Amino acid sequence: MLLHTLAPGAVARIRSISADAPVALRLREMGLRPGTRVRVAGRAASGARVVAVGGARIAVDRQTSALIEVDPA
């Protein structure tokens, strides 16, 4: 399942990220890497997701969140 399909409040663990190298690096720098547990804190009308990772909240646009494969946690 993909991150952009999760509803607010859902908790998941990142399985893989299928982005090109610069985008994947930026996501890792923000703490979004395989094995990380995330909670969808919100959803924008544009399809973007706000995810909680540890104590941080990160906004991920719809196109990028469609590249992040997750497993329910």
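Parameters and conventions
- Residues numbered from 1 in each chain as written.
- Predicted model: local features only at pLDDT ≥ 70, side-chain atom pairs only at ≥ 80, totals over all residues.
- Heavy atoms only, no water.
- Pairing = 2+ DSSP bridges.
- Helix = DSSP H or I, 4+ residues; strand = E, 2+ residues; numbered from the N terminus.
- Patch = residues over 30% accessible without salt bridge, like charges linked within 9 Å, V, L, I, M, F, W, Y side chains within 5 Å.
- Areas by Shrake-Rupley, 256 points an atom, 1.4 Å probe, with all protein chains shown as cover.
- Salt bridge = Lys/Arg side-chain N within 4 Å of Asp/Glu carboxyl O.
- Lys, Arg positive; Asp, Glu negative; His and termini not counted.
- Charge placed at Lys NZ, Arg CZ, Asp CG, Glu CD.
- Buried < 20%, exposed > 50% of the residue type's maximum accessible area, 1.4 Å probe, protein only.
- UniProt positions renumbered as here; feature names shortened; annotations may be inferred.
- Axes fitted to C-alpha atoms, helices over the stretch in contact; angles between N-to-C directions.

**A look at the pairing of strand β4 (residues 56-60)**
- Summarising the sheet, strand β3 (residues 49-53) and β4 pair through five bridges and their orientation is antiparallel. Of the residues in β4, the one forming a bridge with Val 51 is Ile 58.
- Taking the residues between adjacent antiparallel strands as the criterion, β3 and β4 are bridged by two residues, where Gly 54 takes a positive phi near 60 degrees.

**Details of a positive patch on the surface**
- Taken together, the side chains of Arg 13, Arg 37, Arg 39 and Arg 57 present a region of like positive charge at the surface.
- Within the secondary structure, Arg 13 is located in strand β1 (residues 11-17).

**Here we look at the environment of Ala 12**
- Within the secondary structure layout, Ala 12 lies in strand β1.
- Residue Ala 12 is classed as buried on the basis of its relative accessible area, which comes to 0%.
- Between the C-alpha atoms of Ala 12 and Ala 48, which are 36 residues apart in sequence, the distance is 16 Å.

**Some remarks on the pattern of salt bridges**
- For the structure shown, the criterion picks out three salt bridges.
- One salt bridge connects Arg 15 with Glu 69, and the closest N-O pair in it is separated by 2.6 Å. Linking Arg 15 in strand β1 with Glu 69 in strand β5 (residues 68-72), this pair joins segments that are 54 residues apart in sequence.
- Arg 15 sits in the partly exposed class, given a relative accessible area of 43%.
- Residue Glu 69 is classed as partly exposed on the basis of its relative accessible area of 24%.
- A salt bridge links Asp 71 to Arg 15; the nearest nitrogen and oxygen atoms lie 2.2 Å apart. Taken together, the residues span a long stretch of sequence, with Asp 71 in strand β5 and Arg 15 in strand β1 at a distance of 56 residues.
- Among the charged side chains, a salt-bridge network with shared partners connects Arg 15, Glu 69 and Asp 71.

**What to know about the UniProt feature "domain: Ferrous iron transporter FeoA-like" (unreviewed entry) in the chain**
- The feature "domain: Ferrous iron transporter FeoA-like" (unreviewed entry), as given by UniProt, occupies residues 1-72 in the numbering adopted here.
- Secondary structure content for residues 1-72 is 18% helix and 40% strand, and the end C-alpha separation is 8 Å.

**Notes on the sheet that holds β5**
- The strand order across the open sheet built from five strands is β4-β3-β2-β1-β5, with neighbouring strands paired in antiparallel fashion. Edge positions in the open sheet fall to β4 and β5, since each of these has one partner strand only. Direction aside, the axes of adjacent strands within the sheet are offset by 45 degrees on average.

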